[in-house]
Amino acid sequence: MPAGAGQAGMAYVCVMKADFWSAFHNQALLAHRRGVVFGANYENRFGIPELGTCTSAISLPAGRTSIGVIYSHFGYRDYNRQMAGLGCGLPVSENLSAGIQLDYFTERTYGEYAGHQAVTFEAGLILSVNKNLKIGVHLFNPVPGSIRKRDMVSSLRTGAGAVLGKGLFAGTELEITSGGSVDLRSGFEYELSKSFWLRGGLGHSILRSPSDSATKSNPP
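Keep in mind that what you see is a predicted model, and the values were worked out from it rather than measured.

Undergrad: I'd like a rundown of unusual backbone geometry, residues and numbers included.
TA: The backbone of alanine 11 sits at a positive phi, close to 60°, despite the residue not being glycine. Tracing the backbone shows alanine 11 in the loop between α1 (5–9) and β1 (37–43). A relative accessible area of 16% means that alanine 11 is categorised as buried. Look at asparagine 141: it is not a glycine, yet its phi comes out positive at around 55°. Structurally, asparagine 141 is set in the loop between β7 (133–140) and β8 (155–165).

Right, dumping it as structure tokens:
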């Protein structure tokens, strides 16, 4: 799910980065949110309204935890996919935070084709090695295939990020997806001024599943 312009600018290297939208890529980051924050995000890489994805989210403090609510919509009237999630993050110790989120997915099509629904969850951890270095781990849909009613991708993301200097952050992460795909991403962010950032990122599939290789002949 695309969420966050800053995250997109860093090739979605955000599993360890303390930021509003990053908290919905790794719910353990919700533990570091304070106050009420709302955001909305829209992505459309091809300029076609039917292919746009709109996402909105809010985080709320709740005692020692923080609650996050997210909603995403892709598509148009005749075909659309929607997702809603309710998550929370909690500091486990001084250097460790954990989070979990319950997800509901629905896919609707027009005409005689039936729609589909699915419920799953995701969870993550954040380890603060020191003041500047953090390690993040995130699991999506860690449900055994034998008890699933529908096939849904599962993934493991892990990465490390560090503040390298005043206003400079850099990180790298690895994502392993069910079916055999392995993606490596690296990105950076530099704060040029109080309201202006320079970001860049690169993602590369270092191993593809057989189905990906059969359908994609061009490099990423």
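Undergrad: Provide a residue-level description of the environment of leucine 164, including the pertinent values.
TA: Within the fold, leucine 164 resides in strand β8. Along the chain, leucine 164 and asparagine 132 lie 32 residues apart, while their C-alpha atoms are 7.6 Å from each other.

Undergrad: Any details on the sheet that holds β7? Residues and values, ideally.
TA: Read across the sheet, 11 strands follow the order β1-β2-β3-β4-β5-β6-β7-β8-β9-β10-β11 without closing on themselves; strand pairing throughout is antiparallel. Strand pairing shows two members of the sheet lacking a second neighbour, β1 and β11 (196–207), which therefore form its edges. Averaged over all pairs of adjacent strands, the angle between strand axes in this sheet comes to 15°, irrespective of strand direction.

Undergrad: For the nonpolar core, give the residues involved together with the corresponding values.
TA: Ranked by size, the top nonpolar core spans 10 residues in total: Met10, Val13, Val15, Met16, Ala23, Ala28, Leu29, Leu30, Ile126 and Phe169. Apart from residues no more than four positions distant in its own chain, leucine 30 is found in contact with Ala23, Ser59, Ser66, Gly68, Gly87, Cys88 and Gly89. Phe20, Phe24, Ala57 and Ile70 belong to the second largest nonpolar core, which has seven residues in total.

Undergrad: Describe in detail the packing of aromatic side chains, supporting the description with residues and values.
TA: Inspection of every chain in the model, using the stated rule, returns four aromatic pairs. Between phenylalanine 20 and tryptophan 21, the ring centres sit 5.1 Å apart and the planes meet at 75°, which makes this aromatic pair edge-to-face. A centroid spacing of 6.2 Å and a plane angle of 85° characterise the contact between phenylalanine 105 and phenylalanine 140, whose relative ring orientation is edge-to-face. In this pair, phenylalanine 105 is assigned in strand β5 (residues 96–109) and phenylalanine 140 in strand β7, connecting sequence segments 35 residues apart. We classify phenylalanine 105 as partly exposed; its relative accessible area is 23%.

Undergrad: Describe the pairing of strand β3 (residues 65–75), listing the residues and the values that go with them.
TA: Where strand β2 (residues 53–62) meets β3, 10 bridges bridge the pair, whose relative direction is antiparallel. Counterpart to serine 56 in the pairing with β3 is tyrosine 71. A loop of two residues connects β2 with β3, the two strands running antiparallel in sequence, and glycine 63 in this loop sits at a positive phi of about 70°. Here β3 runs beside strand β4 (residues 79–91); their pairing, made up of 10 bridges, is antiparallel.

Undergrad: Provide a residue-level description of the pattern of salt bridges, including the pertinent values.
TA: Any two side chains of opposite charge can pair, on the condition that their charged atoms come close. For the coordinates displayed, the defined rule picks out seven salt bridges. Here arginine 77 and aspartate 78 are joined by a salt bridge, their closest N and O atoms 3.3 Å apart. Of the charged contacts, one joins arginine 185 and glutamate 175 as a salt bridge, the two residues approaching to 2.9 Å between their closest N and O atoms. Here the residue arginine 185 occupies a position in strand β10 (residues 181–193), and glutamate 175 occupies one in strand β9 (residues 168–177), the gap between them amounting to 10 residues. For the pair shown, arginine 185 and glutamate 175 are each scored as buried.

Rules of the game
- Residues numbered from 1 in each chain as written.
- Predicted model: local features only at pLDDT ≥ 70, side-chain atom pairs only at ≥ 80, totals over all residues.
- Heavy atoms only, no water.
- Helix = DSSP H or I, 4+ residues; strand = E, 2+ residues; numbered from the N terminus.
- Buried < 20%, exposed > 50% of the residue type's maximum accessible area, 1.4 Å probe, protein only.
- Pairing = 2+ DSSP bridges.
- Axes fitted to C-alpha atoms, helices over the stretch in contact; angles between N-to-C directions.
- Core = buried A, V, L, I, M, F, W, Y, C linked by side-chain atoms within 4.5 Å.
- Contact = heavy atoms within 4.5 Å.
- Phe/Tyr/Trp six-rings, centres within 6.5 Å; stacked < 30°, edge-to-face > 60°.
- Salt bridge = Lys/Arg side-chain N within 4 Å of Asp/Glu carboxyl O.

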